[in-house]
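# Structure assessment
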Amino acid sequence: MIRSRVGALLVMLALLGAVLIARLFQVQVHEHEVWSAEAARLVHSGREIHYRRGRVLDARGRVLVQDEDRRAVVLIYRDFRREHPLGQVAHARSLLAGRPIDLAETRAHLVPWAKELLALKPHDLRALALGGDEDAGHAADDDVGNRNARRAADLAFYLRQLLALDAPGQPPRRWNRLVALARENGGIPFLELAARVRNDGRPSATAEEERRLEERLTRSMDGLATLARWLDFEVPEGDLREPIDLLIEELERARRSVEDATAAKLFAEATGFAPGRLAEDTLLECIDHTWIAELLGWDAQRLAEWAHTVRTGWQSGWRDGVCVPRLLWDLVLDPKSDGGSFLDRMTVVFEPEGALERSLVDGPTPWYEVSELAVFSGLDEMFEARASDEALRLTGEALPVTLESLRKPPDALRLLPPGSGAESFRSRLERSLERRRQTAVETLTGLSAELIEAWDLRYQEVLRRALDEMVRAAAPDERGPSGGLLLAEEGRDRAAERAEYFLKDYGQRARPLSRGELTYDPVYLLTRREADFPGFQVRDLRAREACAQPGDDALPAHELLGLVSAPSLEQRMRQRDDAARLRDLEGRRDRDEEEEEELRRLIGAVRLEDEVRGVSGIEAFFEPELSGTNGFAETRGLQDVFGAGGEEIAVRDPVDGEDVVLTLDVALQTAAQRSLREPAEGDEKSDERWRANPVGAIVLLSGDGDVLAAASEPDDQSWIAPEAEGQRLLALERTLRKPTFQPPGSVFKPYVAAWALDHGLDPEHVVVCGPIARGGCGYKDLRCWNTAGHGPVRLEEALERSCNAYFAWLGETLSTEDFRELMQTFGFGQPTGLRRLPPWDDGLVRRGGLFEDVGGLAIGREGELSETLRRMAGNGLAVVEATPMQLARATLALATGENRELRIAQRIGEREFPPSARVPLAISRKSLDFVRAALRRVASAPLGTAHAALAPGELGFEVAVKTGSADLENRTDDEGHSIVQKHAWVSGWLPPEHPQLVFVVFQHGTSATSSHGAIYLARQVLLQPEVLSWLADRAVDVSGVAAR
Amino acid sequence: MKPQVWSIKGQRPLVGWRSAISLRMPWWRIDWPLLVLGLGFFALGLVLVDRMADADALYGRDKILAGPQFKKAVVAVPFLLLGLVLRPRWVRRNAYAFYGFAMVLLVLVPILGMVRNGARRWIEIPGIGLDLQPSELAKIGVILALARTLHRSRMEHLADWRIPIALVLLPMALVAAQPDLGTALTLVPVALGLFWMAGAPTRLVAGVVLTGALVGYSAWSMDWLHGYQAKRIDTWVRCLDNDALIANRKGAAFHPYMARTFIGHGGWLGTGLGQGIANQSGNLPERNCDSIFAVIAEEGGFVGASALVFFYLAFAALLLVAAARTRERFSRLVIAGTGLYFAAHFAINTGVNLGLVPMTGLTLPLISAGGSSLLASMALLGLALSLSARAEPTLDSDSFRE
């Protein structure tokens, strides 16, 4: 029997063996190909190879902007919070206190607070988990119970980290022993339990454990102090703080940034709109945020700070920084742009999330058809309480566009702010829109800001009424502990589920800590003592760096060159699907042809996390050329620590971006910037106030129409005095923009003169500049700047002395159409050509950056100038506007007799960007010569308005020039005197006979006329060594300068 | 009066350690092929772990270290010798005591045990750096206790089954509660095999098997199992198809996918010792213990893996044959239990790696890393060799049966 029984078992073993071998055969032989492919996939990896973005060079090949590889110290806040004692104590203390405890406060009490935490007992944790009632045995309700359990678990985590019983990466043997001990010794503090575990229960163990804790804490703070010193956290002079204080402030900012972003994301997940859409008090008082506060451990004060942060961030960041500019650009390109289309786009700002993208793709919904507004559209679903009829009815009153009385019939003009006259909202809008493609976005920015501010006031007020109504009508269980409306449970739950993910995601983003080039010391510290600095890493970064020239601190042409930016969270979210598909394709070993093609397409299309794109200026305009295409390399097999093994196969080499060579000469640019930033003293009537806070621009062109320098002040590098105001606070590219009304004044006269001469003006005709009825001297109702009057003047004298009376008379003789024609002739009211597309561009790709205003005749296409306005127009006032770059182009045309588009880039990669065609002016040589001669006398003649500073004796060489001033507004000085603010201009060229250099100097908002201010600035620029050297290189005789 | 053990040769009664241990081993009667095979598997395991440690070092990982495994081997080998020198009668007399000791250890696990990966299965033995897994000792205890019980029972009637089943169910319940359902279930084929060897009627054994299968199916289909346990079975059922397995490779089917991939990659002749992708990539979970068969299959290929299957089952078969040859019932049952122990572990471990059974964590005795498994395997092997070699005469009825 025994043998038979054993025999049966042996048979079963044999059967088992047969089954196993058969299965082995199936898997290893029959399916070998399948599993070999899978195995190869496991050791097959792909990685993108970053391309190098093209450089921007000046005309002589000097680098202005380039990608630079450098090392930087970055902070991963999540790691810091979890593994550094300072982070652990701060967050643990916050959990206990039920409010956020900042890092600086924690640092001040680090050791005692750490000891207090470790003096907690297991019973205390249990009590915390049970909501304070250890005997309850269960949570009061699920939500509260879950929250308390989570807090207790988080606190346990921090205590464990603080005790540091087990080395990182090792099995938690000691911690497990402590947990086992804690079960039977719930009344013993954690510190003592740890001592028992570590020291086998020796009596002196607790004191030793405490000493060990203190040493660890002290060492951690010493490390931070050393790191702060080596990261060059410089303390301003007179500030008593130390570098570590600044470092901890930076860490606290990182913490707040992570929490603010998480809270905003949670709110948006639960409600469907960004919290910044609501005014701060509405957000805090009408909506309950207890759930967010508990998730993040916030108190009421922190919530209030968050409300402020998200409101200002949404307004300045998304609304004013992204939404409105994109909408206005879209408007500018819309061939049918009118008041209605302007309103359509302004309405998008108040529509629900996603409306911006839809509007840009499909066009905006007509304002009178908009039925859903942000926040209002979700009132009925986003709260536990249902929206009352009254609350829903208020949607129709939230914006003027939703008022039925204004929608039927739809009349866009009725919605605009009231007012009449040339400066009314309506007039300014009409003038701006008349330009259509020629109207720069920034022209409309001011108008949109005005309108949105008015609309937002109303929107917020109506929304508050609706929410107050809902709060009033809500049942007690539909309101939170703060009295605000409870968000719907579904939304809160959905958001809360993802809270950890958001915290982790935002917390894991690297935040640069170091500035500039990293020295060896912090790299050594962080790589050798990695465990002592959790959360701090050294990373290789590629950054877009602007290059200051040797001997100069300021970066040249900062605004003109523009900025780059990494993809935003929204942009990354939009390409999520493509990114996932790319990763999938990268992981495949064998791809078919279609998949290879798709891989190549996606490699170029999916932006990497740190792949920057131009967002303004040259960087944005030449984005298609500057950006390249990422490459991709596959590795088959694994590489060991010696670098052996693994076969890298380059699937696609990266294609670097092309270098853009500008026409800019960095030496001239620097000279112009220097002059503008530190203007020289003028005469006794110069404006010292303006000199202390300069606002203006300088343009230098070559005789061929290349932009040599475009300096603008202020820019982001300017030092702004605390008492500065107005335009001094606004950094933008002023050679191309006109943020305010910007008439050229008398610098416009030569163009009027040239055109009039060619159309029958007798240069010998005399006009008397004498007393007029309104006081002073001039012609009819237009005063001349010379209060004593010039007396009888002819054209040449009028130009030389800039007589307003003469040009008032001349303007009166011209028709509106004449003015249009003369402006067209010299390029006023038109783009200067800086945004001319490269010859290889077919116009299908929209280019951003280098936005320019075009000014021109501000009366609209069908408008007519009255006699008064023609008199003013003849003097370059009232209805005439220009940017410095436009004036420079017109000056070049006057000087050379040819109109052409200006050029800012001369070569891109290996491709030439040729100058534009030159079009002879439709003005005779004789007329031009007459005006040119007169302009020489402006500087050379003793009565010339530029003589004081630009006479040949002052400069050392001769120039042809025109001065101009245009009144803007009156202001009162500190002593109560009324002062007229004006724009002051100088435009000219040299040498007068064969123009090599064209210059325009512009002062914004100065009290001094051009003859007392701008001409001295012009002299300062023209006498800069760099300018003289440049002129000498072109055989311009500047020997007279040395002799002065 | 306490029974005394008398030496065979002398007249003096055996007391103290002499009653337990006899160095007078008829070495010429040891089943050398069995010992050689056993030591061969042991050596293979050490070589494989050494190669894994080398691979980890070469590819910048520190997951597997050879030193600790060698240390465990040094600790385990004396238990082979201990098993060889234990007296059969002493073992028989103390079978229940050993079983009781093993049960006490199992009871202590929830109190003193360490938690790893969500399960509490180990008790730390201070001083020697060994974490003892009492469930491994429990297997020895069950074999000894069953052998002791079945020494006098033929299991002919249902009533005879009560105590043996209780002896099995108690450790099964304690182990399953750790939770370690896989280990608990390995006791089932060992117990059933012993019942069969003891003479249980075929119909009763078949009935128990069928009942067990029905209970198992019900447990799965009616969600009686822990979440992850049910999930493993669901995953196994879903991934019987290769495409489904590959599609789920990044989710629940990660481990079975890795095991199948590396086994399949082996082809006919394998990649060579230490050259498999499983070792290079380090992707295979538990490749030095539960999944070591996949490493052998990849590096040895079909030829190597089949050879292992043949020799390991031959090893188990030799134990069963040795059991058949042993006239003393207790010893026979212990030897048979040992054979069933190795066979059951081998079947489940290779079945898991090949996707024939749902994923469970079970070592390959003598080959896998793991101190407790090695210790228990060595002890059982030594005991089985000793029992089959000594063949002490008895007068029980089995001695006279064929």
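Structure first, text after, so check above.
Described below are features of the structure shown in this document. As the structure is a computational prediction, the values presented were derived from the model and not from experiment. (Residues numbered from 1 in each chain as written. Chains lettered and ligands numbered in written order. Predicted model: local features only at pLDDT ≥ 70, side-chain atom pairs only at ≥ 80, totals over all residues. Heavy atoms only, no water.)

Per the secondary structure count, chain B includes 16 helices and 5 strands. Across the 402 residues that make up chain B, the buried fraction comes to 57%. Long-range contacts, defined as pairs at least 24 residues apart, comprise 72% of the intrachain contacts of chain B with a sequence gap of at least 6. Just so you have it, chain B exposes about 16900 Å², and 67% of that area is on carbon and sulfur atoms. (Helix = DSSP H or I, 4+ residues; strand = E, 2+ residues; numbered from the N terminus. Buried < 20%, exposed > 50% of the residue type's maximum accessible area, 1.4 Å probe, protein only. Contact = heavy atoms within 4.5 Å. Areas by Shrake-Rupley, 256 points an atom, 1.4 Å probe, with all protein chains shown as cover.)

The next thing to look at is the packing of helix α6 (residues 134-150) of chain B against helix α7 (residues 162-176) of chain B. Residues and elements named next belong to chain B. Contact pair α6 / α7: the axes reach a minimum separation of 9 Å and the direction vectors enclose 175°. Considered as vectors, α6 and α7 are oriented roughly antiparallel to each other. For the pair α6 and α7, contact is made by S135, A138, V142, A145, L146, T149 and L150 and by I163, P164, L167, V168, P171 and V175, respectively. Residue composition of the contact of α6 with α7, by class: 11 nonpolar, 2 polar and no charged. (Axes fitted to C-alpha atoms, helices over the stretch in contact; angles between N-to-C directions. Parallel < 35°, antiparallel > 145°, perpendicular 65-115°, else oblique. Nonpolar A, V, L, I, M, F, W, Y, C, P; charged D, E, K, R; others polar.)

How big an interface is tends to be stated in terms of the accessible area lost upon association of its parts. At the interface, 62 residues of chain B touch 40 residues of chain A. Both sides together, the interface formed by chain B and chain A hides about 4400 Å², and carbon and sulfur atoms give 69% of it. Remark: the boundary between chain B and chain A carries 0 salt bridges. At the boundary of chain B and chain A, one finds 10 residue pairs in polar contact (both at pLDDT 80 or more). Sorting elements by how many residues they give to the side of chain B that touches chain A places helix α14 (residues 292-325) of chain B first, with 14 residues. Of the residues in the side of chain B that touches chain A, the class split is 36 nonpolar, 16 polar and 10 charged. (Buried area = accessible area lost by both parts, 1.4 Å probe. Salt bridge = Lys/Arg side-chain N within 4 Å of Asp/Glu carboxyl O. Polar contact = N/O pair within 3.5 Å; in protein donor to acceptor, adjacent residues only side chain to side chain.)

Turning our attention to the sheet that holds strand β9 (residues 647-652) of chain A. Hydrogen bonds between backbone groups are what pair the strands of a sheet, and the pairing can be parallel or antiparallel. Residues and elements named next belong to chain A. Taken in spatial order, the 3 strands of this open sheet run β1-β8-β9, and their pairing is antiparallel. Strands with a single pairing partner mark the edges of an open sheet, and in this sheet they are β1 (44-49) and β9. Each strand of the sheet is rotated relative to its neighbour by a mean of 25°, with strand direction disregarded. The pairing of strand β8 (residues 631-636) with β9 spans 5 bridges and is antiparallel. Opposite T635, over in β9, you have E648 as the bridge partner. Sheet contacts for helix α30 (residues 593-605): β8 and β9; angle to β9, the most-contacted strand, approximately 80°. (Pairing = 2+ DSSP bridges.)

To continue, consider the packing of aromatic side chains. With the rule as written, the count across this model stands at 39 aromatic pairs over all chains. Between the aromatic rings of Y751(A) and F828(A), the centroid separation amounts to 5.2 Å while the plane-to-plane angle is 75°, which identifies the pairing as edge-to-face. Of this pair, Y751(A) sits in helix α35 (residues 749-758) while F828(A) sits in the loop between α38 (816-826) and β17 (856-857), and the two are 77 residues apart along the sequence. Y751(A) sits in the buried class, given a relative accessible area of 1%. Pairing Y312(B) with F346(B) gives two aromatic rings, centres 4.6 Å apart and planes at 15°, and the pair type is stacked. In this pair, Y312(B) sits in helix α14 while F346(B) sits in helix α15 (residues 329-353), placing the two residues 34 residues apart along the sequence. Here F346(B) falls in the buried class, since its relative accessible area comes to 0%. Feature note: the residues F41(B), F293(B), Y312(B), F315(B), Y341(B), F342(B) and F346(B) constitute an aromatic cluster, connected by ring pairs. In this structure, R5(A) is placed above the aromatic ring of W196(B), and the distance from its NZ or CZ to the ring centre is 4.2 Å. (Phe/Tyr/Trp six-rings, centres within 6.5 Å; stacked < 30°, edge-to-face > 60°. Lys NZ or Arg CZ within 6 Å of the ring centre and 35° of its normal.)

Moving on, we come to the pairing of strand β3 (residues 63-76) of chain A. Both faces of the sheet carry side chains from a regular strand, because those side chains alternate between them. All names here are of chain A. Among the 14 residues in β3, 11 count as buried, and that is most of the element. Bridging between strand β2 (residues 56-57) and β3 involves 2 bridges; their strand directions are antiparallel. Considered in β3, the bridge of L57 is made with V63. Joining the antiparallel neighbours β2 and β3 is a turn of 5 residues, in which G61 adopts a positive phi near 85°.

The next subject is the nonpolar core. Counting residues in each nonpolar core, the largest one holds 136 residues, and the members touching the most others are F342(A), Y459(A) and F536(A). Those residues in contact with Y459(A) that sit more than four places away from it in its chain are R277(A), F350(A), L373(A), A374(A), V375(A), F376(A), A398(A) and L399(A). Counting 127 residues, the second largest nonpolar core, distinct from the first, contains A39(A), F41(B), I64(B) and L84(B). (Core = buried A, V, L, I, M, F, W, Y, C linked by side-chain atoms within 4.5 Å.)

Just geometry here; none of it tells us what the structure is for.
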